[in-house]
There are 6 protein chains.
Amino acid sequence: MNQPAQRWVYLNGEYVREADAKISIFDSALMFGDMIFEMTRSFNKKQFRLREHLERLALGMKIFHIPLDLSVDQLEARCLEVIEKNEPAFSKTDEHRLMINVSRGPLSIYHKVFDRPVGPTVVIADFPLKWTVVGMGALFDKGINAVVPSQRAIPAALMDPKIKNRSRMFYQTANIELSRMKGENNWALLLDPDGFIAEGTGCNFFIVKDKKIFTPEGRNILRGISRNYIFELAETLGISCREKNLEPYDVYAADEAFVTATPFCALPVTHFNFTKIGSGAMGAVTRQLLDVWGKNVGVDIVRQIKAFNEEVQLASAGPVSTPYQFKTEEK
Amino acid sequence: MNQPAQRWVYLNGEYVREADAKISIFDSALMFGDMIFEMTRSFNKKQFRLREHLERLALGMKIFHIPLDLSVDQLEARCLEVIEKNEPAFSKTDEHRLMINVSRGPLSIYHKVFDRPVGPTVVIADFPLKWTVVGMGALFDKGINAVVPSQRAIPAALMDPKIKNRSRMFYQTANIELSRMKGENNWALLLDPDGFIAEGTGCNFFIVKDKKIFTPEGRNILRGISRNYIFELAETLGISCREKNLEPYDVYAADEAFVTATPFCALPVTHFNFTKIGSGAMGAVTRQLLDVWGKNVGVDIVRQIKAFNEEVQLASAGPVSTPYQFKTEEK
Amino acid sequence: MNQPAQRWVYLNGEYVREADAKISIFDSALMFGDMIFEMTRSFNKKQFRLREHLERLALGMKIFHIPLDLSVDQLEARCLEVIEKNEPAFSKTDEHRLMINVSRGPLSIYHKVFDRPVGPTVVIADFPLKWTVVGMGALFDKGINAVVPSQRAIPAALMDPKIKNRSRMFYQTANIELSRMKGENNWALLLDPDGFIAEGTGCNFFIVKDKKIFTPEGRNILRGISRNYIFELAETLGISCREKNLEPYDVYAADEAFVTATPFCALPVTHFNFTKIGSGAMGAVTRQLLDVWGKNVGVDIVRQIKAFNEEVQLASAGPVSTPYQFKTEEK
Amino acid sequence: MNQPAQRWVYLNGEYVREADAKISIFDSALMFGDMIFEMTRSFNKKQFRLREHLERLALGMKIFHIPLDLSVDQLEARCLEVIEKNEPAFSKTDEHRLMINVSRGPLSIYHKVFDRPVGPTVVIADFPLKWTVVGMGALFDKGINAVVPSQRAIPAALMDPKIKNRSRMFYQTANIELSRMKGENNWALLLDPDGFIAEGTGCNFFIVKDKKIFTPEGRNILRGISRNYIFELAETLGISCREKNLEPYDVYAADEAFVTATPFCALPVTHFNFTKIGSGAMGAVTRQLLDVWGKNVGVDIVRQIKAFNEEVQLASAGPVSTPYQFKTEEK
Amino acid sequence: MNQPAQRWVYLNGEYVREADAKISIFDSALMFGDMIFEMTRSFNKKQFRLREHLERLALGMKIFHIPLDLSVDQLEARCLEVIEKNEPAFSKTDEHRLMINVSRGPLSIYHKVFDRPVGPTVVIADFPLKWTVVGMGALFDKGINAVVPSQRAIPAALMDPKIKNRSRMFYQTANIELSRMKGENNWALLLDPDGFIAEGTGCNFFIVKDKKIFTPEGRNILRGISRNYIFELAETLGISCREKNLEPYDVYAADEAFVTATPFCALPVTHFNFTKIGSGAMGAVTRQLLDVWGKNVGVDIVRQIKAFNEEVQLASAGPVSTPYQFKTEEK
Amino acid sequence: MNQPAQRWVYLNGEYVREADAKISIFDSALMFGDMIFEMTRSFNKKQFRLREHLERLALGMKIFHIPLDLSVDQLEARCLEVIEKNEPAFSKTDEHRLMINVSRGPLSIYHKVFDRPVGPTVVIADFPLKWTVVGMGALFDKGINAVVPSQRAIPAALMDPKIKNRSRMFYQTANIELSRMKGENNWALLLDPDGFIAEGTGCNFFIVKDKKIFTPEGRNILRGISRNYIFELAETLGISCREKNLEPYDVYAADEAFVTATPFCALPVTHFNFTKIGSGAMGAVTRQLLDVWGKNVGVDIVRQIKAFNEEVQLASAGPVSTPYQFKTEEK
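Cut-offs used in this document
- Residues numbered from 1 in each chain as written.
- Chains lettered and ligands numbered in written order.
- Predicted model: local features only at pLDDT ≥ 70, side-chain atom pairs only at ≥ 80, totals over all residues.
- Heavy atoms only, no water.
- Pairing = 2+ DSSP bridges.
- Helix = DSSP H or I, 4+ residues; strand = E, 2+ residues; numbered from the N terminus.
- Axes fitted to C-alpha atoms, helices over the stretch in contact; angles between N-to-C directions.
- Contact = heavy atoms within 4.5 Å.
- Buried < 20%, exposed > 50% of the residue type's maximum accessible area, 1.4 Å probe, protein only.
- Polar contact = N/O pair within 3.5 Å; in protein donor to acceptor, adjacent residues only side chain to side chain.
- Least-squares fit on C-alpha atoms with pLDDT ≥ 70 in both.
- Buried area = accessible area lost by both parts, 1.4 Å probe.
- Salt bridge = Lys/Arg side-chain N within 4 Å of Asp/Glu carboxyl O.
- Nonpolar A, V, L, I, M, F, W, Y, C, P; charged D, E, K, R; others polar.

Visitor: Is there a simple way to explain the sheet that holds strand β8 (residues 121-128) of chain B in this structure?
Guide: Strand pairing in a sheet takes place through backbone hydrogen bonds and is either antiparallel or parallel in direction. Residue and element names in this part refer to chain B. In spatial order, the strands read β2-β1-β8-β7-β4; together these five strands make up an open sheet with antiparallel pairing. Edge strands, defined here as strands with exactly one partner in the open sheet, are β2 (14-17) and β4 (35-39). Recorded for the sheet is a direction-independent mean angle of 20° between the axes of neighbouring strands. Of the strands in this sheet, β4 and β7 (96-103) are in contact with helix α2 (residues 50-63), which crosses β4 at around 170°. This element, helix α3 (residues 72-86), spans β1 (8-11), β2, β7 and β8 of the sheet and lies at about 40° to β8.

Listed below in structure tokens is the structure:
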């Protein structure tokens, strides 16, 4: 009786049930991975930087010439409407994670499949943040082991990761590689073809050295909203934070390291390629950033995620899997 | 009253109507462009090299660790079943174009969306070849103008085009560039980052020089089934045909050039970057290959495609668009 | 009766008529494109940063070991002499555009062709600025569309664009590509092989974002005198202006963009790859820079160039061509 | 009284004296290094493969869109006319070395400089082969030392060396480097950016290993007419000769090596980076190729060049300089 | 009482005990990794292709200008002398594995350390083959799992692997990466920076496809003596064997794969990146090659290595470690 | 009777005579160049930044997983002990140059060679600074000529120069190239594969332009202790000093240039590629840095090194060789 109400997904102007939120096999999204998207979260039910997410989406649409006739204002209104409609289906303690997808719609040669005119595809889904972060609570204590796989990031000159897109099959290749590593809590951290640290398969990367924060230049990475926020928080705290080409050597030599992403804000990276970074625990600067972030949004970020975990463990006796880890058959 | 019967799409063991052939927004296919596929055609209703297509698909599934429990035999049986079921909806003169999609299915953190267990996704669609090739009849006479856009092919070391996949947003970038070119019948021909000719956004490329056929090495390209067949036909005809790194210079210096793809087999490339190749018309070797191909499969390939065009023009008064051309708003 | 007096070109210590200013086919300049040069302009008849131009020329001569026995002082004196000699042939409203060429002269194996000893070649030509900028007046209003061609800039490690040289056949390749694009006012903007914005085929590129000015790092580009001056003007105006690796994404996301070159100082770039930048008109910062520049040199830059246009249209009934656009036969 | 008659240069339809063969400073050739060319030679006064040279020139004109209205036939006729006209000025023992230059002519904005319509520029000069090869006689015995400078060849993807063009300032950079090396008879042999042997600054490179001939793939090099002829000669002699990516290691391990160019046909490379190759003298295969070549054209190639040397030494008491060596001031 | 006699190492003309075979810390070998070497083996006590090994060594000395005054003949004589001297210390069933090291000796500024003149360093050690191959017996049945680490091979243009040298710290980096993988019998297989298969950290790589053998081009690899021998064996057997740029895709698609190295001749590669190749067992062609090789040298290669294993297990109760696997502390 | 006492080298816990400081041929240091090291110096017998050297060593050991059980404190104690023990063997005016080598020791398959357990190898040698710098006195006046060889620096992504390691055979390749250059005092200055200035084969590089100091980014170089100290000194002096990608052009355009290394602190670079930099003598900023450095450590750096020279010349009549110059047989 946990979630008695139904969640609805906005799909081209209509509302459909989550399990029915589907896209035609003739859509450019499925033919070419030609879809751009955003994923957000709320803190205390209030969306965080929704406008910034939507503006990034609009820029992507402009670059890819997706002729959607919804302004950022209209998209924002739709998002809020979706949340309002779904709130009854959310527990009090959960947060709204939106997924906003846009594609140019079915390719023209397949238009005849449909009995009515078709255009760009817009999806706004809204599901519990809990799904994404459950099991991550322990990582704030133990940290993750960032591992460099053989797979390299595709450089921006070939396909720009700054446009949050759905042509990321190579992320799965990296994840499959990681699944063959010994130990736990291994996350892929991709190098770009020049050998610089790029990003994780879903998170940005930072190091702290001599009380200064460094993160890869905004080139072969997504310029994450959480990443942007770290710059702001650092400024507030009077900590220097700047972009720099980072190499594995810099990570080994760092005092602390962390990754950022919308669902968990920031997680400590305590090991790099199975080698301890700094003290091997969450560093002081990382903690400080998480604290101020939490204060700013009125949520104890770590406690909330740990609580999700307990909630789920109470509900089911089964083990909690780390969602970012890829499962594959071993040899 | 042209196509009174309905076409059906095989979707995870069930048959759905074409317009209802959709994939969940939580599927890895849509989250990561993580889907592999094949597209085939028939000649006189008989599938061409279906087995070869499915073996390439199976190799892709092995490399990407998609745990589908269908053997190549079983996939082949499904394909033939789909065709049989759809034949009533096809005109006598049309051919079956299959689209076979496979993905690893919804990501595990979203499994709870569905009320039953979910696994890999399999789609087999079957639609008229006519849709793809209509309007191409004239190209056998005029040829296409292959143009090198600024967008480069992603090299195999970063994401392998030899695995026919759906992470190809950069194809659309190339197509958008082409839409800004003057003139007609311009098709994108991508260079790889080394400056070698790679492939079109959906076709392989060949040149003929001194009665020998050359095609780019099987590296940063799809090793197309039609491409493979050209090697066989050339051998039959006693014409040398081999792989070689080709540069723009080689194309300018060629006697003739052509592209191959499943729907149209081979089309002459009469211009390269708006510059005439050889005589500027279909070359003798290209014609010979099309002739033998047609004889082998019992279909006059050019005539069939031209006939599709007339059929459509009879049915509708409107103009026939070139399907491979991308439409975008001009400045 | 517009220009009754004759213009003279300084050629190895002598003055020749413009049409007779020629270089031997045995000169290293013609054998290897082995010539370095500068092109200047005046404002109100006063040369702008002539000294800076000549010092750049001298650095190039040092690097290429061109054993010219003229000091920068001497070269400057020659330039002023040339201008003085030509002033009678210039209308009151026109400006002096100098072209200064230096090469190491005829190759030694061809010295026997000449009946006297030969050494390095020096040319100082002086022609009306009007020739270069006529037709550009409208561009201050409409702006140009900067388009990335397939041709990449040659990186400095292979042949350094910072030395203003005459081995630039690849500029013509880019210009030929541009001539095939739809629409008007398209100018080539080259990427370097790393995918960073380099320069136009004759101009430097800037963007403005959040009231800060950015321009590509001084690596695979000419470090233009006008570019240098923008840094100075920005400092005067209290606007941040700095070098940064710029990618196409940054241009799409910019608020405004402009190009700089000696003849026109700065022109707005209102479109990038046929996509509107910012408002699609000259931006506030660009305008401010042009204004201050004009004030500093006592010339209303935009008005002057527009006036040239009217002047020419009065003189001839024919259309005014955009000089930077390359004409080529269409397919 | 050696050469009493005057030599004439064909220049845009007229004949001018050698010393007056000049090109306007406003020509695209001088503005951009935008000129393509050929240089030929005769054997016993008969041009060698003139047609092949002119067809390569025509291909270059097509690629660079130089709208010259002379066919290959017409160009050939002009060449023969030039030779006929100049023959009186040639000694009996000398050979005709043609230099054929073509550019698109003065840039349009400078057309007003000229008092008559201007178009593409064509130059056909004809001078004694002796000039180029005098001093090389001894090299057939001692061989040259091929040295890899720091300067790399510009790869074809950026500016194609297969089009014989005049944007080769980087050749001079390589030659300047070579002038700082100890010893004599050092010639630059460029690597391409991949580290493969490309070509000399004016010659193609071959090695012989286990009685097989190898030469770099026809990619980042000029596909020389002499290089082509070596393939033919090898076939006649039953010696395998094929293209292969060659690395410095392969040269060190070679049994013999040689370079080819039009004026001297083939010269032995006896040292590579100051290290002996094979026996350190002209190899048996090189000698065999020179012999057959000489027989085919009715000239003892080595003896002729050595004779030029003696002739000159008789005429003047001064030393004979190696023409390919670059002179520069030492530190 | 197994090996009562002592083994001796040749060191600069003297014989020292194995444990005393040491090189000065002032030697260029230790200062720069500036040492080249060979490692051989015998079959039935007879050295295999010793001459070929020494000629490769001599080529390396020539390229690196190591002024050793021993000819290949003299080196060969020394090797045979070393073996003769050590034979008493070898069991009947064991084979002689030579290690021949050459460096240019102590750097000149440290010569004063020594009380006598110092020159190049030569070492010839001779130890039981058993040491290297013990534990490998089972691999002929199970095969190895070749895994691509993040570490790339250093390309020949930067430091040539064709010269067997001691600057290979990056091999250890690759081996450390491998030690973190799950499962057993994982061997590193390096890609070069272009993404082509290069070599293992001590072995060459081959695939078999459609009964044809392919191995990476001899570029970014050691051209192994065993690799050379495979070409010979294949020719004898009438099997096509040729060099080709191989990519991971080609390995996944292969029918069989194997690695070669002097100690074990050839070992099956049954998995690639934890994915089964072909049948997952030693392939028919691999077996055929091992069989003929064994016949040619009069040794059952597989049986011999398996016998070493049993011998050791009888002698000691402890487990047998795989020598090529790197041990490192786990996180 | 100059140095009557003996110097001792610390070797795995024991003290051996210098000439006996040797490492087993089975050590990973000799098998793979797998050794990391530091070299220090004293000023007035006091070690300079020893701690900083040892911390860099410790970081290298962590990255390469060398399981040495000595802390930085313990290593420091050993170093001081070595110096104390050797001081009697040093003249009053000389300084202690330590060489600290660490490797993982003999490879496990060779452990049986030794009659006792073996582990990591540690060497601490201590020899007169004089050996390294003798003959350099004149360079403070004349400066060196930094020359770019064909050999490129290996980029950090392939083998990281920031870890001071012994896999540097390519340094010798560069030095061999330099030995073929005309003139004197030529030192190799390597470019990285991107064409940026990296470092010398044993020193860091700086330029001074407009009273600002620039040095290559800390990427494809060793981040030298002397280099770090220049940053500190510059800050003290109020001179801007920062990292920047430097190209040859920047060096040609510089006002002064210098290299830094532990033994000589800083030496002026007065020529670059045989071309004068600035005035061609030691620049004012270089002098200022050397002065302050000297004051801080209580040693007149230039005078001390010049004095070493005189001392040696008094002792021996022979010529003093430049230690950094590589001797090789000329052609």
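Visitor: Is there a simple way to think about helix α6 (residues 169-178) of chain B in this case?
Guide: Every α-helix winds through 3.6 residues per turn, so residues three or four apart in the chain are directed the same way. Of all 10 residues in α6(B), nine are buried, a share of seventy percent or more. If you check which residues of α6(B) are buried, you get B:M169, B:F170, B:Y171, B:Q172, B:A174, B:N175, B:I176, B:E177 and B:L178. Those residues of α6(B) hidden inside the fold are in contact with α1 (28-32), β4 (35-39) and α2 (50-64) of chain A together with β9 (144-147), β10 (186-191) and β11 (197-200) of chain B.

Visitor: Quick question: what am I supposed to make of the side chain of C:N145 here?
Guide: All names here are of chain C. Checked against the element boundaries, N145 lands in strand β9 (residues 144-147). Of note is the side chain of N145, whose polar atom sits 2.9 Å from the side chain of N186. Reaching out from N145, the side chain makes a polar contact with the backbone nitrogen of F274 at a distance of 3.0 Å.

Visitor: What's the story with the relation of the copies chain D and chain F in this structure? I'm lost.
Guide: Both copies of the chain are related by one operation, a rotation about an axis with a shift along it. Superposing chain D onto chain F takes a rotation of 180° plus a shift of 0.0 Å along the axis, which leaves an RMSD of 0.0 Å. Overall, the copies show the geometry of a two-fold rotation axis. No C-alpha of chain D approaches the rotation axis more nearly than that of D:S150, which lies at 1.9 Å. Interface residue correspondence from chain D to chain F reaches 100%, placing this contact among same-surface, isologous pairings.

Visitor: Hey, could you run me through the interface of chain A and chain B in this one?
Guide: Size of an interface: often given as the accessible area lost when the parts come together. Opposite the 57 residues of chain A that make contact, chain B presents 57 residues. Both sides of the chain A and chain B interface together cover about 4,900 Å² of buried area, and 71% of this is carbon and sulfur. Area buried by chain A at its contact with chain B is led by A:I25, A:L158 and A:M169, which between them contribute 16% of it. Our count for the chain A to chain B interface comes out at zero salt bridges. On the surface where chain A and chain B come into contact, there are 25 residue pairs in polar contact (both at pLDDT 80 or more). Those elements that place two or more of their residues in the side of chain A that touches chain B are β3 (22-24), α1, β4, β7 (96-103), β8 (121-128), α4 (129-133) and α6 (169-178) of chain A. Of all the elements, α6(A) adds the most residues to the side of chain A that touches chain B, at six residues. When its residues are assigned to classes, the side of chain A that touches chain B shows 36 nonpolar, 12 polar and nine charged. Direction of pairing for β3(A) relative to strand β3 (residues 22-24) of chain B: antiparallel, over a ladder of three bridges.

Visitor: So what exactly am I meant to see when it comes to the sheet that holds strand β7 (residues 96-103) of chain C here?
Guide: Residues and elements named next belong to chain C. Taken together, the five strands give an open sheet; going across it, the order is β2-β1-β8-β7-β4, and neighbouring strands pair in antiparallel fashion. A single partner strand is all that each edge strand has here, and the edge strands are β2 (14-17) and β4 (35-39). Averaged over neighbouring strand pairs, the angle between their axes works out to 20° when direction is ignored. As paired strands, β4 and β7 are joined by five bridges and run antiparallel to one another.

Visitor: Got a minute to help me understand the arrangement of the chains in this structure?
Guide: Of all C-alpha pairs spanning chain A and chain D, none lies closer than 16 Å, and the two are not in contact. The closest approach of any C-alpha atom in chain C to one in chain E is 15 Å; the two make no contact.

Visitor: Explanation requested: the interface of chain D and chain F in the structure shown.
Guide: The interface of chain D with chain F comprises 19 residues on the first partner and 19 residues on the second. Summed over both sides, the interface between chain D and chain F buries roughly 1,600 Å², with carbon and sulfur atoms accounting for 50% of that surface. For the pair chain D and chain F, the number of links is zero salt bridges. The interface formed by chain D and chain F includes 10 residue pairs in polar contact (both at pLDDT 80 or more). The residue inventory of the side of chain D that touches chain F, partitioned by class, reads five nonpolar, seven polar and seven charged.

Visitor: Teacher, can you tell me more about unusual backbone geometry here?
Guide: Backbone phi values are negative for most residues with the exception of glycine, while trans is the configuration of most peptide bonds. Even without being glycine, A:R49 reaches a positive phi, approximately 55°. Here A:R49 lies in the loop between β6 (46-47) and α2. Despite not being glycine, B:N273 has its phi angle at roughly 50°, a positive value. Locating B:N273 in the fold gives a position in the loop between β16 (265-272) and β17 (275-276). The class for B:N273 is buried, based on a relative accessible area of 12%.

Visitor: Teacher, can you tell me more about the pairing of strand β12 (residues 204-209) of chain D here?
Guide: A regular strand places its side chains so that they alternate between the two faces of the sheet. Residue and element names in this part refer to chain D. Of all six residues in β12, five are buried, a share of seventy percent or more. Here β12 pairs with strand β13 (residues 212-215) via three bridges, running antiparallel. Each residue of the ladder has a partner; that of K209, found in β13, is K212.

So far we have only geometry, and geometry alone does not tell us how the molecule works.
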